[in-house]
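Architecture at a glance
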Amino acid sequence: MSSTAGKVITCRAAVAREAGKPLQIEQVEVAPPQAKEVRVKILFTSLCHTDVYFWEAKGQTPLFPRILGHEAGGIVESVGEGVTDLKPGDKVLPMFTGECRECAHCKSEESNLCDLLRIDTERCVMINDGKSRFSINGQPIHHFLGTSTFSEYTVIHEGCLAKIHPDAPLDKVCVISCGFSTGFGATVNVARPKKGMSVAIFGLGAVGLAAAEGARISGASRVIGIDLNPRRFDEAKKFGVTEFVNPKDHNKPVQEVIAEMTNGGADRAVECTGNVNAMISAFECVHDGWGVAVLVGVPGKDDLFKTNPMNFLNERTLKGTFYGNYKPRTDIPKVVDRYMNKELEIEKFITHKVKFSEINKAFEYMIKGESLRTIIAMEE
């Protein structure tokens, strides 16, 4: 066990104290892990749009002060009672969802929606006792998505940690813990295009480009990128996107444009925007008889999906996916292994790197649309 096991650790953390205000680097106390918990030393973390969304606190309950961050890589520092699969020194990827391996969902081969550890954006404490493991001068600091990786040390439920290859470079594979797996898995695990098929990707942000990467690796003959921002088109070519459509350039619904381009419709479509109109377009743009559309983006709580039922009767299929249908503890280590075997190109998703003390630059890059993923090095 490490020399700090069982003790409170004082370290730096980037604390969000107000919506939309720069994070503050502060000294935070991190309590030891309790039963089924693990304390992790975070070495690299990256910024996902979900962090920005909750930092801005638009459309959800504001919970401050809070330590954000959920896409990261680190090393186990110590483990709590009952943790058997992890030990100090193990390399791990924290994840915003989990796998308890005991509930009906975890035991099912068809689901990754763990009853115990499913994402809960408003839970700001640990499941074990309903308390925070972070504090500053005796005042508790809220957790985020069960991970809070914008801290040099954090406490995470063992079910939300994937033990990975000991030689995996954490400054690269940390992006696998969220955005890459969400998009890539949506294509390879859910849409499952066959070699030679056409795939339409709605939204060319990091998740959409990961979905495009999945189409490329699957052997798709045409990967059509749909986005309102033409500046993304050149970048998307690196990820296998072969053609581009900007809906603003056409005076007809984009699903009709794609149907004309593909002689009746794309074979597969993956929607990665969260815009309900894009979701409808993705479904209606696939070919009758065999077309499959997969929804990845998260819609607004009041959004409604409306389409003619004949689209289903004409044998189009609509599917949803969560986290690319990956079981976090079981499947994510295998994704890392694919990277280690040079089957996946992760580096091209990383556009910037900054020091932990400069973490607010990562927010600036994303807000300006200048980055896919910014890697934040915790040790300077």
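These numbers come from a predicted model, not from an experiment.

What follows covers the overall build of the protein. On a plain count of helices and strands, the protein comes out with 11 helices and 17 strands. Here the C-alpha radius of gyration of the protein, 21 Å, is about what a compact globule of 380 residues would show, namely 21 Å. Expressed along its principal axes, the backbone C-alpha trace of the protein runs to roughly 65 × 40 × 40 Å. Buried positions account for 55% of the 380 residues belonging to the protein. Long-range pairs, those at least 24 residues apart, make up 70% of the contacts in the protein with a sequence separation of at least 6. Summed over all atoms, the accessible surface of the protein reaches about 16,400 Å², with 49% contributed by carbon and sulfur. A gap of 2 Å separates the mean positions of the 46 positive and 48 negative side-chain charges of the protein.

Residues Phe150, Val173, Ile176, Phe180 and Ile332 are the most contacted members of the largest nonpolar core, which totals 101 residues. Per-element tally for this core: the top contributor is helix H5 (residues 206–218), with six residues. When we break this core down by domain, the ones giving at least three residues each are domain 1 (180–324) and domain 2 (351–379). Membership of the second largest hydrophobic core comes to 16 residues, among which are Ala269, Ala278, Ala282 and Val286.

Position of phenylalanine 184 among the secondary structure elements: in helix H4 (residues 179–191). For phenylalanine 184, a relative accessible area of 1% corresponds to the buried category. A sequence separation of 33 residues divides phenylalanine 184 from isoleucine 217, and the C-alpha atoms of the two residues are 9.7 Å apart. Excluding residues within four positions of it along the chain, phenylalanine 184 makes contact with Ala210, Ala211, Glu213, Gly214, Ile217, Tyr326, Arg338 and Leu344.

Turning our eyes to something else, we now look at the pattern of salt bridges. The full count for this structure, using the stated rule, is 30 salt bridges. Among the salt bridges present, the one from lysine 41 reaches glutamate 379, with a minimum N-O distance of 3.0 Å. Of this pair, lysine 41 sits in strand S3 (residues 37–46) while glutamate 379 is found in the segment after strand S17 (373–377), placing the two residues 338 residues apart along the sequence. The class for lysine 41 is partly exposed, based on a relative accessible area of 29%. Here glutamate 345 makes a salt bridge to lysine 348, at a shortest N to O gap of 2.7 Å.

Attention now moves to the domain arrangement of the protein. Under the domain assignment, the protein is made up of domain 1 (180–324) and domain 2 (351–379). A straight line from the C-alpha centre of domain 1 to that of domain 2 covers 28 Å.

All right, on to the state of the cysteines then. Evaluated as defined, the whole model comprises zero disulfides. In this structure cysteine 103 is a free cysteine whose sulfur lies 3.6 Å from that of cysteine 106, the closest cysteine sulfur available. Owing to a relative accessible area of 10%, cysteine 103 belongs among the buried residues under this scheme. Taking the relative accessible area as the measure of exposure, cysteine 106 reaches 12% and is therefore buried.

Okay, the UniProt feature "domain: Alcohol dehydrogenase-like C-terminal" (unreviewed entry) in the protein next. The feature "domain: Alcohol dehydrogenase-like C-terminal" (unreviewed entry), as given by UniProt, occupies residues 206–338 in the numbering adopted here. Split by type, residues 206–338 is 38% helix and 15% strand. Its first and last C-alpha atoms lie 19 Å apart.

Two faces, one strand: in a regular strand the side chains alternate between the faces of the sheet. Taken across its nine residues, strand S4 (residues 71–79) has eight buried, putting it largely inside the fold. Bridging between S3 and S4 involves eight bridges; their strand directions are antiparallel. What sits directly across from lysine 41, in S4, is isoleucine 75. Examined bridge by bridge, S4 and strand S5 (residues 91–94) share two bridges and lie antiparallel to one another. Bridge pairing in S5 links isoleucine 75 to lysine 91.

Definitions and cut-offs
- Residues numbered from 1 in each chain as written.
- Predicted model: local features only at pLDDT ≥ 70, side-chain atom pairs only at ≥ 80, totals over all residues.
- Heavy atoms only, no water.
- Helix = DSSP H or I, 4+ residues; strand = E, 2+ residues; numbered from the N terminus.
- Rg over C-alpha atoms; globule rule 2.2 N^0.38 Å.
- Buried < 20%, exposed > 50% of the residue type's maximum accessible area, 1.4 Å probe, protein only.
- Contact = heavy atoms within 4.5 Å.
- Areas by Shrake-Rupley, 256 points an atom, 1.4 Å probe, with all protein chains shown as cover.
- Lys, Arg positive; Asp, Glu negative; His and termini not counted.
- Charge placed at Lys NZ, Arg CZ, Asp CG, Glu CD.
- Core = buried A, V, L, I, M, F, W, Y, C linked by side-chain atoms within 4.5 Å.
- Domains from an automatic or database assignment.
- Salt bridge = Lys/Arg side-chain N within 4 Å of Asp/Glu carboxyl O.
- Disulfide = S-S within 2.5 Å.
- UniProt positions renumbered as here; feature names shortened; annotations may be inferred.
- Pairing = 2+ DSSP bridges.

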